Amino acid sequence: MDFDIPQDVTQLLADLDRFIEAEIAPLQAADDNERFFDHRREWARTDFEAGGLPRADWHELLAEMRRRADKAGFLRRDLPEELGGSGTTNLEMAVVREHLAHRGLGLHNDLQDESSIVGNFPSVHLIWKYGTREQKDEFADALVTGDCVMGFGLTEPDHGSDATWMETTGVRSGDDWILTGAKRWNTGMHVATHDLVFARTSGKPGDALGITAFIVPVDSAGFSVDLFRWTLNMPTDHADVSLREVRVPDSAILGGEGQGLVIAQAFVHENRIRQAASSLGAAQYCIDRAVDYAKERVTFGQPLAARQAIQWPLVELHTDAAMVRALVRHTAHDLDRRSHMEVSDRVSMCNYRANRLVCDAADRAMQVHGGMGYSRHTPFEHIYRHHRRYRITEGAEEIQIRKVAGHLFGFMRR
């Protein structure tokens, strides 16, 4: 493949930068909105008295950013043309997400909420690819505008990466289904109108087939949000959810009975490559900031950059970033031309290596900056705490490595 960024994508990056400077940066600077990004960030965003949930004014600022991005024609770029998008490629999205994360913390691309001027809408893609005409009409545009918010109920208290062993069940009752079980780390449930709940409807524990995805209204009888778990990075929006004989119609099924795992894999593979690109961008930001500081900071009569103890770790990280960048873009390019299952091992390589890289880069940037690096007056602790979760939540890195090993040693078929 040609590793040069296509001209239209290069132009897009320039257009995005101009839009950020003209529209988003002034919004961030207005009305002390900077409190959400400077040393006060975690405390400004979190309503600790309301269970650690995001504050309403933080949510409203993100919504205004998205409205401006939508009006400018950027927010929906990744979506099909029927939804106002450009039907862009995975390669373009990988380049864009790396670029926006490389700009550092800001309203243009918030790490924690994953709101961005170029939206990443995995739920919309699932509805558009697997949904019925009625589901598309009801949910697709509403998920973009925020009139509908859909959680993703896959993980359970006793089952995370081993999703085929889930204990939530769906039992047919006439033309309806009765859902019973529990979910954990159900993201976005403080504002969700619906939850995409995965439940076993046939087969036995461990079977890949027999899991079904249901679109469940959160106001359904028997559906409850029980607890929001506080996390390393706050605010939290990660809920424990219970389903006590929740009745939904057959029309709530997304993608066909017993095909839920196919939907879940489509969700995570596309999301993993894009999330890896964001981690790469944030890692390069940390590296670049550390290099700049090392050239400016003078100790014992000379710049820090003159010392090999400072140079060499940053050279190693910069080299790793270059290699991860090549792998991410090559894999994204293949995702645009082949089934996601054919390149799932390389998606896993990208994801676990990029997530390790950003944690290492943030840690090294803290070290180079010394005491200031440890303070909240630099962004590195926030970047570390945010990206540390992705070594678990996108499929634990051990699971990613296991997938690569399966392909490498022939235990898995492509």
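Scroll up for the structure.
Sequence order as written defines residue numbering, which begins from 1 separately in each chain. Note on the predicted model: pLDDT of at least 70 is required for a residue's local features to be given, and 80 or more for side-chain atom pairs to be given and counted; whole-chain, interface and lining totals, by contrast, use all residues. Calculated side-chain values reflect all of the structure's heavy atoms, with hydrogen atoms and water omitted.

**Looking at the packing of helix 5 (residues 122-130) against helix 6 (residues 133-145)**
Next, step 1: Two numbers describe how helix 5 lies on helix 6: the axes approach to 9 Å, and their chain directions differ by 165°. The angle between the axes of helix 5 and helix 6 places the two elements in the roughly antiparallel class. The handedness of the crossing between helix 5 and helix 6 is left-handed. Between helix 5 and helix 6, the residues in contact are Ser123, Val124, Ile127 and Trp128 and Arg133, Gln135, Lys136, Phe139, Ala140, Leu143 and Val144, respectively. Fitted lines through C-alpha atoms serve as axes, helices being fitted only where they are in contact, and the angles separating the N-to-C directions of these axes extend from 0 to 180 degrees. Only DSSP runs of H or I covering at least 4 residues are called helices, and only runs of E covering at least 2 are called strands; the numbering of each starts at the N terminus. Comment on the angle field: the value is read as roughly parallel under 35 degrees, roughly antiparallel over 145, roughly perpendicular from 65 to 115, and oblique elsewhere. Less than a right angle of anticlockwise turn of the near helix away from the far helix marks a crossing as left-handed, whereas a clockwise turn marks it as right-handed. Note on contacts: a residue pair is in contact if any heavy atoms of the two residues lie within 4.5 Å.

**Things to note about the pattern of salt bridges**
Next, step 1: For this analysis, a salt bridge means a side-chain nitrogen from Lys or Arg found within 4 Å of a carboxyl oxygen belonging to Asp or Glu. All chains considered together, the criterion is met by 37 salt bridges.
Next, step 2: Measuring nitrogen to oxygen at the nearest pair gives 3.1 Å for the salt bridge that ties Arg133 to Asp137. In this pair, Arg133 and Asp137 both sit in helix 6, four residues apart, roughly one turn of the helix.
Next, step 3: The class of Arg133 is partly exposed, set by a relative accessible area of 47%.
Next, step 4: For the exposure calls, accessible area comes from a 1.4 Å probe over protein chains only, and a residue counts as buried if that area is under 20% of its type's maximum, exposed if over 50%, partly exposed in between. With a relative accessible area of 55%, Asp137 lands in the exposed category.
Next, step 5: Among the ionic pairs, Asp207 bridges to Lys204, the shortest N-O distance being 3.2 Å.
Next, step 6: A residue is classified by how much of its surface remains accessible, and Asp207, at 22% relative accessible area, is partly exposed.
Next, step 7: Each of the salt bridges in this network shares a partner with another, and the network as a whole consists of Glu23, Glu60, Glu64, Arg67 and Arg68.

**Concerning the packing of aromatic side chains**
Next, step 1: Only the six-membered ring of Trp is used, alongside the rings of Phe and Tyr, when aromatic pairs are assigned; centres must lie within 6.5 Å, and planes under 30 degrees apart are stacked while those over 60 apart are edge-to-face, with the rest tilted. Following the criterion strictly, the structure yields eight aromatic pairs and no others.
Next, step 2: Each member of the aromatic cluster is reached from another via a ring pair, and the members are Phe36, Phe37 and Trp58.
Next, step 3: One Lys or Arg, Lys136, reaches over the ring of Trp128 and ends 5.1 Å from the middle of that ring. Lysine and arginine charges are scored as sitting over a ring when NZ or CZ, respectively, is within 6 Å of the ring centre and within 35 degrees of the ring normal.

**Observations regarding the side chain of Arg76**
Next, step 1: Relative to the elements of secondary structure, Arg76 occurs in the loop between helix 3 (56-71) and helix 4 (90-102).
Next, step 2: A relative accessible area of 13% places Arg76 in the buried class.
Next, step 3: Distance and chemistry together define a polar contact, namely a pair of N or O atoms within 3.5 Å, with one atom able to donate a hydrogen and the other to accept it when in protein, and with adjacent residues in sequence counting only for side-chain atoms on both sides. At 2.9 Å, the side chain of Arg76 and the side chain of Asp70 are in polar contact.
Next, step 4: Leave out the neighbours within four places in its chain, and Arg76 touches Asp70, Leu83, Gly84, Gly85, Ser86, Asp141, Val144 and Thr145.

**Structural notes on the environment of Arg247**
Next, step 1: For Arg247, the position within the fold is in strand 9 (residues 238-249).
Next, step 2: Sequence separation between Arg247 and Arg172 is 75 residues, and the spatial gap between their C-alpha atoms is 9.6 Å.
Next, step 3: For Arg247, the contacting residues outside a window of four places in its chain are Ser173, Asp176, Trp177 and Ile178.

**Here we look at the environment of Gly51**
Next, step 1: Relative to the assigned elements, Gly51 resides in the loop between strand 1 (46-47) and strand 2 (53-54).
Next, step 2: Assessed through its relative accessible area of 33%, Gly51 is described here as partly exposed.
Next, step 3: With 227 residues separating them along the chain, Gly51 and Ser278 place their C-alpha atoms 29 Å apart.
Next, step 4: In contact with Gly51, other than residues within four places in its own chain, are Phe228, Trp230 and Thr236.

Keep in mind that these numbers describe shape and distance, not what the molecule does.
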